[in-house]
Amino acid sequence: MRFIIDTSTWVSLVRYYKPFDNNSVIYDFFKQKIRDGEFILLSEVSIECSFVSKKIVPKELDFVIDKKFITKTGNLLPTKKFYNLLENQFCNKFQKRLLSETDIESLTNDFLKSADAKIVLKSIEISKTLDNKITVVTEETSSNNDNKLFKKIPSICKEINVECIGLPKLIELFNKEINIRIKNTSA
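Note on numbering: residues in each chain are counted from 1, in written sequence order. Only residues with pLDDT of at least 70 are given local features in this predicted model, and only at 80 or more are side-chain atom pairs given and counted; all residues enter the totals for whole chains, interfaces and linings. No hydrogens and no water enter the side-chain calculation; it runs on all heavy atoms of the structure.

Colleague: Looking at this model, I keep getting lost on the packing of helix H1 (residues 7-17) against helix H2 (residues 25-35). Mind explaining?
Modeller: Any two packed helices are characterised by how steeply their axes cross, that is the angle between the axes, and by the distance between the axes. Think of each axis as a best-fit line through the C-alpha atoms, taken over the contacting stretch in the case of a helix, with angles from 0 to 180 degrees between the N-to-C directions. Note on conventions: DSSP H or I runs of at least 4 residues are helices, E runs of at least 2 residues are strands, and numbering of each starts at the N terminus. Viewed as axis vectors pointing N to C, H1 and H2 meet at an angle of 160°, and their least axial separation amounts to 12 Å. Compared by their axis directions, H1 and H2 come out roughly antiparallel. Taken as a pair, H1 and H2 cross one another with a handedness that is right-handed. Residues Trp10, Leu13 and Tyr17 of H1 pack against Ile26, Phe30 and Ile34 of H2. Note on angle classes: values under 35 degrees are labelled roughly parallel, values over 145 roughly antiparallel, values of 65 to 115 roughly perpendicular, and the remainder oblique. Left-handed is the label given to a crossing in which the near helix is rotated counterclockwise from the far helix by less than a right angle, and right-handed is the label when the rotation is clockwise. When checking whether two residues touch, look at their non-hydrogen atoms; a contact exists if any pair is within 4.5 Å.

Encoded structure:
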């Protein structure tokens, strides 16, 4: 099984788990999983990580911006079927009715360049192969999407039959490989 990790997950990993990682277990685990090809770090996600939360992710996990660990997505192009899904399944129909054709076209182009779109495209590409099961890891939820034209990753994953989990579930799946010892911090 392979996992595509979203920006929100990298931010959560650094904020909520890495502070307790006194022996670099988390750092080494994620770096090795990317090196082995089990975890996928897309170029757009790497770029996003460099702009969000005061660049906390690359400061703590330098491999997130190391080209050796990044999967390039320049050759991931949407198909006719993808455009059809984008227009009919992935968009919020209520929001779409409120927008002009020009706005819809502009927002669609922006979405197609985004990390979210590349995550979806890569998931579709991998899920087409017989031996590769793909799971998307994100901290997003299916609920309210702030009146954006396109649905959030978990909702889109549901539409394309791709499993979508959060960071706690990912860590639970690998709990035998991740062994963090937390020092007693009480006085």
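Colleague: I would appreciate a short explanation of the side chain of Thr7 in the present structure.
Modeller: Considering the arrangement of structural elements, one finds Thr7 in helix H1. Using a 1.4 Å probe on the protein chains alone, a residue whose accessible area is under 20% of its type maximum counts as buried, one over 50% counts as exposed, and one in between counts as partly exposed. Overall, the relative accessible area of 5% leaves Thr7 in the buried class. For Thr7, the residues in contact, after removing those within four places along its chain, are Val45, Glu48, Cys49 and Val52.

Colleague: Honestly, the sheet that holds strand S1 (residues 2-5) in this entry has me stumped. Any pointers?
Modeller: Neighbouring strands of a sheet are bound in pairs by backbone hydrogen bonds; such pairs are parallel or else antiparallel. Strand order in the open sheet made by the five strands is S3-S2-S1-S4-S5, with parallel pairing throughout. The sheet is open, and its two edges are formed by strand S3 (70-71) and strand S5 (163-165), each paired on a single side. At least two bridges found by DSSP between two strands are what make those strands a pair. Here strand S4 (residues 134-137) pairs with S5 via three bridges, running parallel. The partner of Thr135 across the bridge, within S5, is Glu163. Seen against the sheet, helix H8 (residues 115-127) touches S1, strand S2 (39-42), S3 and S4 and runs at an angle of roughly 165° to S4.

Colleague: Can you help me understand the pattern of salt bridges in this one?
Modeller: Once the charged atoms of two side chains with opposite charge are near each other, the side chains can pair. The salt bridge criterion pairs a side-chain nitrogen of Lys or Arg with a carboxyl oxygen of Asp or Glu, the two atoms within 4 Å. Evaluated as defined, the whole model comprises eight salt bridges. Lys122 is the partner of Glu125 in a salt bridge, and the nearest nitrogen-oxygen pair spans 2.8 Å. With a gap of three residues between them, Glu125 and Lys122 both fall in helix H8, about one helical turn apart. On the accessibility criterion, Glu125 (36% relative accessible area) is partly exposed. One connected set of salt bridges, linked through shared partners, spans Lys33, Glu38 and Glu177.

Colleague: Where do I start with the packing of aromatic side chains in this structure?
Modeller: Aromatic rings in a pair are described by how distant their centres are and how their planes are angled relative to each other. Pairing of aromatic rings covers Phe, Tyr and the six-membered ring of Trp, with a centre-to-centre limit of 6.5 Å; geometry is then stacked below 30 degrees between planes, edge-to-face above 60, and tilted otherwise. Counting across every chain of the model gives 13 aromatic pairs. Measuring from centroid to centroid gives 5.6 Å for Trp10 and Phe30, while their planes differ by 65°, and the two rings are edge-to-face. In this pair, Trp10 is assigned in helix H1 and Phe30 in helix H2, connecting sequence segments 20 residues apart. For Trp10, a relative accessible area of 1% gives the class buried. A ring pair is formed by Phe82 and Phe90, whose centres lie 5.8 Å apart and whose planes are at 65°; its orientation type is edge-to-face. Accessibility classification places Phe82 together with Phe90 in one group, the buried group. In textbook terms, an aromatic cluster arises when at least three aromatic residues are bridged by ring pairs, as seen for Phe3, Trp10, Tyr27, Phe29, Phe30, Phe39, Phe63, Phe69 and Phe174.

Interpretation in functional terms is not warranted from these geometric data alone.
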